Amino acid sequence: MTRLADAPWMAQAVQALALELRLHHAPTADHSHRLAAHARVVADDLHLDALDATEVELVAMLHDVGKLAVDPHILDWPGPLDNHQRERMRRHTIEGEELLASIAGLEHLAPAVRATHEAWDGSGYPDGLAGDEIPLTARIVTVVDAFDAMTSERAYREPLPRREALQRLRAGAGLQFDPRVVNAILRVL
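Calculation notes
- Residues numbered from 1 in each chain as written.
- Predicted model: local features only at pLDDT ≥ 70, side-chain atom pairs only at ≥ 80, totals over all residues.
- Heavy atoms only, no water.
- Helix = DSSP H or I, 4+ residues; strand = E, 2+ residues; numbered from the N terminus.
- Rg over C-alpha atoms; globule rule 2.2 N^0.38 Å.
- Buried < 20%, exposed > 50% of the residue type's maximum accessible area, 1.4 Å probe, protein only.
- Contact = heavy atoms within 4.5 Å.
- Areas by Shrake-Rupley, 256 points an atom, 1.4 Å probe, with all protein chains shown as cover.
- Salt bridge = Lys/Arg side-chain N within 4 Å of Asp/Glu carboxyl O.
- Axes fitted to C-alpha atoms, helices over the stretch in contact; angles between N-to-C directions.
- Parallel < 35°, antiparallel > 145°, perpendicular 65-115°, else oblique.
- Nonpolar A, V, L, I, M, F, W, Y, C, P; charged D, E, K, R; others polar.
- Polar contact = N/O pair within 3.5 Å; in protein donor to acceptor, adjacent residues only side chain to side chain.
- Expected span 1.5 Å × (residues − 1).

A. Quick look at the overall build of the chain. Secondary structure summary: the chain contains 10 helices and 0 strands in total. The N-to-C order of helical and strand elements in the chain reads α-α-α-α-α-α-α-α-α-α. Taking 16 Å as the expected radius of gyration for a compact globule of 189 residues, we find that the chain reaches 16 Å, a close match to that expectation. Over its C-alpha atoms, taken along the principal directions, the chain stretches across nearly 40 × 35 × 30 Å. When each of the 189 residues of the chain is scored for burial, the buried share is 47%. Residue pairs at least 24 apart in sequence account for 59% of intrachain contacts in the chain once pairs closer than 6 positions are excluded. As presented, the chain carries roughly 9,200 Å² of accessible surface, and 53% of it is formed by carbon and sulfur atoms.

B. The pattern of salt bridges, seen in detail. Under the definition given, this model contains 13 salt bridges. Among the ionic pairs, Glu 164 bridges to Arg 168, the shortest N-O distance being 2.9 Å. Separated by 4 residues within a single helix, Glu 164 and Arg 168 lie in helix H9 (residues 162–172), roughly one turn from each other. Judged by its relative accessible area of 29%, Glu 164 is partly exposed. Among the charged side chains, a network of salt bridges with common partners joins Arg 40, Asp 44 and Glu 57.

C. Summary view of the packing of helix H1 (residues 8–24) against helix H2 (residues 26–45). Orientation of H1 relative to H2, taken along the N-to-C sense of each, is 140°, at an axis distance of 5 Å. In terms of axis orientation, H1 runs oblique to H2. On H2, the residues touching Ala 18, Leu 21, Arg 22 and His 24 of H1 are Ala 26, Thr 28, Ala 29, Asp 30, Ser 32 and His 33. Its residues assigned to classes, the contact of H1 with H2 comprises 4 nonpolar, 4 polar and 2 charged.

D. Examining the side chain of Asp 145 more closely. Checked against the element boundaries, Asp 145 lands in helix H8 (residues 136–151). A polar contact is formed between the side chain of Asp 145 and the side chain of His 31, at a distance of 2.8 Å. In this view, Asp 145 contacts His 31, Leu 35, His 63 and His 117; residues no more than four positions away in its chain are not counted.

E. Up close: H2. Helix length check: H2, at 20 residues, gives a terminal C-alpha distance of 29 Å against a target of 28 Å (1.5 Å per residue), a fit within 8%. When we look at burial in H2, the residues that qualify are Thr 28, Ala 29, His 31, Ser 32, Leu 35, Ala 36, Ala 39, Val 42, Ala 43 and Asp 45. Where H2 is buried, its residues touch H1, helix H3 (50–62), helix H4 (72–75), H8 and helix H10 (179–188). His 47, located one to two residues past H2, shows a positive phi value of around 60°.

F. Representation of H3. Look at H3: 18 Å from first C-alpha to last across 13 residues, which is about the 18 Å you get at 1.5 Å a residue. Among the residues making up H3, those that are buried are Ala 53, Thr 54, Glu 55, Val 56, Leu 58, Val 59, Ala 60, Met 61 and Leu 62. Backbone nitrogen of Leu 51 and a side-chain oxygen of the N-cap are separated by 3.1 Å at the start of H3; the cap is Asp 49.

G. Region of interest: the environment of His 31. Checked against the element boundaries, His 31 lands in helix H2. The exposure class assigned to His 31 is buried, which follows from its relative accessible area of 5%. Residues within four places of His 31 in sequence aside, it is in contact with His 63, Asp 64, Asp 145, Asp 148, Ala 149 and Arg 154.

What is shown is where atoms sit, not what they do.
Here it is, written out as structure tokens:
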């Protein structure tokens, strides 16, 4: 991967996508910014080298870029999604992958963006990957994504207390989440 400092156009491309996401749905963009910060701290705790840690940060920032193709009414839906809405939401990982794969210099992020809703036990989507089949970058983003989703206010529920969210991550270690990543987030948060 090219270093952002060595490729200002790459940083500009990421900023442009982040701005487009903000214009489409500000809460999703805010969520992505929080994830980038948390993901970087977890990557550093796992002793990833600087380039890999930057990749984790970028995937966290862009993990929901496929939601540009999702109607904001669905993103703000106040209750459980119906089958059509749920399927529409699930496609955002594939659409994010397709978008990043089409941008020279960001295409290496596409597989991890696609895998950010996979689960350690293979029950996730879109491909049913399990364990180490899931890129480490995606496994990190999955855990920080779940933490942020639980501790943030949503149209359909109040945020959970931080302590309860961490307990749920701990309970999901080895099932939904990579246990090593859960241990890292417990250490840093």
